[in-house]
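# Residue-level structure breakdown
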Amino acid sequence: MFDWNDLRHLIAVSRQGSTLSAAKALGVNQSTVHRRLHELERRIGLTLVKRYPAGYQLSEMGEALLDEVMAVEGAVDCLERKIIALKLDLKGRIRLTCPEPTVPRIVATGLLDRFHALYPDLSVEFVTSDRYLDLTKGEADVAFRSGGPVDETLVGRKICDSVWAIYASKSYVQRHGRPGSIPDLSAHALIGFDGIMKSHRVAIWLPSAVPGARIVSRSSSILGVVSSVKAGVGVAPLPTTLGDAEDSLVQVLPPVPELTRSWYLLTPSDLRRSPRIAAFVDCVLDDIPALRQALVG
């Protein structure tokens, strides 16, 4: 209906009593004040100021609107102060936790470079772990995590699916052949999970899907399992993102539905409202294709 910025000229004339004084107060030309007031009156279809020998004064209609106009000025001032406060808070670090293998993939997308270009005073610090860090206890601020939120204090959004299949090295297949099904894995050397990976869904699935599985090696990290498979030690379930990226590996069995989980971006609900975390989360959500490329290829 009108440019709210023109209200500043109306307020200045009301306070200063003339368009010349209003122009000086606003730091503009007197002709600009006349032009903006005329445009404001044209747009709303009301006469807001009248010229008298002593100068300009608000008309009756202008006086009738003055309280609301002043309220707009107060709201804009409040908004400007809040924007300044938010800018002052857009400094510091954001601790991002995710599985170690995803770090170089996330960096390679350029997502963090684009974020830092927008917010040069904010830095992202990776906190890598094969276990789920406790966001509610402050172990990290934001998580890229396979599996939905189990804590109602966490909020987030699904990004994509995490898919796992069965892999072996080309050298292993040449020596021992390839399994034709999940039950066939009982005849092959398998690589299992240990340490903090014992509670991972893959570590729980493997012995139930392959009773009497012959575990020849165990690792406490996904990267350790990848290394063992590449070395031809045995066969193992791996995320397709990692397995398909290795030229020396072969996907000997297709994705296992029981192992599929969703990737989520998660953060505590109270942190989600803080300016620095909101800036990072919103930036990531605006660039989901890049994040999907990093997480699933």
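Everything that follows concerns the structure shown earlier in this document.
It should be emphasised that the depicted structure is a prediction, and the values quoted were computed from it without experimental measurement.

In this section: the state of the cysteines. Across all of its chains, the model carries 0 disulfides by this definition. With no disulfide partner, Cys 98 has as its closest neighbouring cysteine sulfur the one in Cys 160, 13 Å distant. Given a relative accessible area of 2%, Cys 98 falls into the buried group. Residue Cys 283 stays outside any disulfide, its sulfur separated by 16 Å from that of Cys 98, the closest cysteine. We classify Cys 283 as buried; its relative accessible area is 13%.

Our focus in this paragraph is the sheet that holds strand β11 (residues 249-253). Spatial ordering of the open sheet is given by β10-β7-β11, a layout of 3 strands whose pairing is antiparallel. Looking at which strands have only one partner, the edges of the open sheet turn out to be β10 (236-239) and β11. The sheet shows a mean angle of 55° between the axes of neighbouring strands, taken without regard to direction. Two elements, strand β7 (residues 164-169) and β11, share 4 bridges in a ladder whose sense is antiparallel. By the bridge assignment for β11, Ile 166 is matched with Leu 253. The strands touched by helix α9 (residues 222-230) are β7, β10 and β11; relative to β10, the strand with the most contacts, the crossing angle is about 125°.

Reading the values: the criteria
Residues numbered from 1 in each chain as written. Predicted model: local features only at pLDDT ≥ 70, side-chain atom pairs only at ≥ 80, totals over all residues. Heavy atoms only, no water. Disulfide = S-S within 2.5 Å. Buried < 20%, exposed > 50% of the residue type's maximum accessible area, 1.4 Å probe, protein only. Pairing = 2+ DSSP bridges. Helix = DSSP H or I, 4+ residues; strand = E, 2+ residues; numbered from the N terminus. Axes fitted to C-alpha atoms, helices over the stretch in contact; angles between N-to-C directions. Contact = heavy atoms within 4.5 Å.

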